[in-house]
Amino acid sequence: MKISKLLVGMALGLGFVTVQAQTILKIGYATNKESHYGVGSTVFCDEVEKGTQGRYKCQHFANSALGGEREQIEAVQLGTQDLVNTSTGPVGNFVPEVKIVDIPFLFRDYDHARKVMDGPIGQDILTKFPSKGIIALGWTENGFRHMTNSKRDIVKPSDAAGLKMRTMENKVHMDGYRTFGILPTPMAFPELFGALQQGTVDGQENPIPVILASKFSQVQKHLSLTGHVYSPALLLMSPRTWDKLNDADKKVFLEAAKKAGAAQRKKVNDDENSGIAQLEKEGMKVTKTVDGNAFRDALKPAYASYAKEFGADNIKKIQDVR
């Protein structure tokens, strides 16, 4: 034993053996590892591990194992969690500039939304995070949000009136939903399935990939393809972890975040292309034709308040992106 230790010591001294310390990073997200969040996070972690020659490796905490999204963002801010892949829903409570992208019916389609996120407007929003004690590595994606409920089909706002609908703790969302007559009920995502099962709330609203991954078809009968909000997502990192990286590793992490965003968007596309048929097969009644103009008309009072809060010019800049 003494001889082998001596030989290792000599080899190290002569430069024949390189020993690299490995840092394990904790990354969390709300859904399972097979979901869009899991796919994006896995690509990110694989690219980081490859780009740092194994010096950094991830430990995944899926299915809200580290808490709801707001709790995980707080943990990233405090430095007790390294990374979170989160929807923007609760992020505006930490970085107010993000709230503008949560306005209902702001984005026409995925092409429009992705151009905004990848362009000057979206990239400028990312620069607002460090002053709030968070590093935003890049945009990922959650998808366009749709309404599910246990009571009835939703074609126009009056159909949604009176429904107790779980929402995120997001004032922009809730102000908009109230104009539809919905009773917004903020609730952490880990509590949602049980609340739907017990009838504590009538419904919820989320993108198709989340509805699929969370098996909401087991506790919700009706799905309406309202597409009322585009829900971007973010890969956030603790400054405590970020500040330990050298410049070369920082580039690796940022490039990995870009690849993660692309992979997550592809998974969203794939889930939307096949997911509606899957949910129908699982017993959901899907309302595919929704009166979008009626929803937009109902939203006008909320848009007046959004214009005061965010600036009409800023909203128009987003709407005008082509």
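Residues numbered from 1 in each chain as written. Predicted model: local features only at pLDDT ≥ 70, side-chain atom pairs only at ≥ 80, totals over all residues. Heavy atoms only, no water.

S.K.: Quick rundown of the state of the cysteines? Include the residues and the values.
M.R.: Evaluated as defined, the whole model comprises one disulfide. With its sulfur 2.3 Å from that of its partner, Cys45 forms a disulfide with Cys58. Taking the sign of the S-S torsion, -85 degrees for the link of Cys45 and Cys58, the bridge is left-handed. One end of the pair, Cys45, is in helix H2 (residues 36-51); the other, Cys58, is in strand S2 (residues 56-61), with 13 residues separating them in the sequence. Just as Cys45 is buried, Cys58 falls in that class too. (Disulfide = S-S within 2.5 Å. Helix = DSSP H or I, 4+ residues; strand = E, 2+ residues; numbered from the N terminus. Buried < 20%, exposed > 50% of the residue type's maximum accessible area, 1.4 Å probe, protein only.)

S.K.: Pulling in residues and values, what's your account of H2?
M.R.: Here H2 spans 22 Å end to end across 16 residues, near enough to the 22 Å set by a 1.5 Å rise per residue. Among the residues making up H2, those that are buried are His36, Tyr37, Gly38, Gly40, Ser41, Phe44, Cys45, Glu47 and Val48. (Expected span 1.5 Å × (residues − 1).)

S.K.: Pulling in residues and values, what's your account of the pairing of S2?
M.R.: Across six bridges, strand S1 (residues 23-28) lies against S2 in parallel orientation. If you follow Gly28 over to S2, its bridge partner there is Phe61. Each parallel crossover has a hand, and for S1 linked through H2 to S2 it is right-handed. (Pairing = 2+ DSSP bridges. Right-handed = clockwise from strand over helix to strand, strands pointing away.)

S.K.: Residues and numbers for the packing of helix H7 (residues 171-178) against helix H13 (residues 300-310), please.
M.R.: Contact pair H7 / H13: the axes reach a minimum separation of 9 Å and the direction vectors enclose 155 degrees. With respect to each other, H7 and H13 are oriented roughly antiparallel. Between H7 and H13, the residues in contact are Val172, Asp175 and Gly176 and Ala302, Tyr306 and Phe310, respectively. Its residues assigned to classes, the contact of H7 with H13 shows four nonpolar, one polar and one charged. (Axes fitted to C-alpha atoms, helices over the stretch in contact; angles between N-to-C directions. Parallel < 35°, antiparallel > 145°, perpendicular 65-115°, else oblique. Contact = heavy atoms within 4.5 Å. Nonpolar A, V, L, I, M, F, W, Y, C, P; charged D, E, K, R; others polar.)

S.K.: Summarise the side chain of Asn170; cite the residues concerned and give the values.
M.R.: Tracing the chain through its elements places Asn170 in the loop between strand S5 (164-167) and H7. Here the side chain of Asn170 touches His173 through a polar contact of 2.9 Å, landing on its backbone nitrogen. Excluding residues within four positions of it along the chain, Asn170 makes contact with Thr88, Gly89 and Asp102. (Polar contact = N/O pair within 3.5 Å; in protein donor to acceptor, adjacent residues only side chain to side chain.)

S.K.: Can you break down unusual backbone geometry residue by residue, with the values?
M.R.: In this model, Asn63 sits at a positive phi of 55 degrees, which is unusual for a non-glycine residue. Its location among the elements puts Asn63 in the loop between S2 and helix H3 (69-78).

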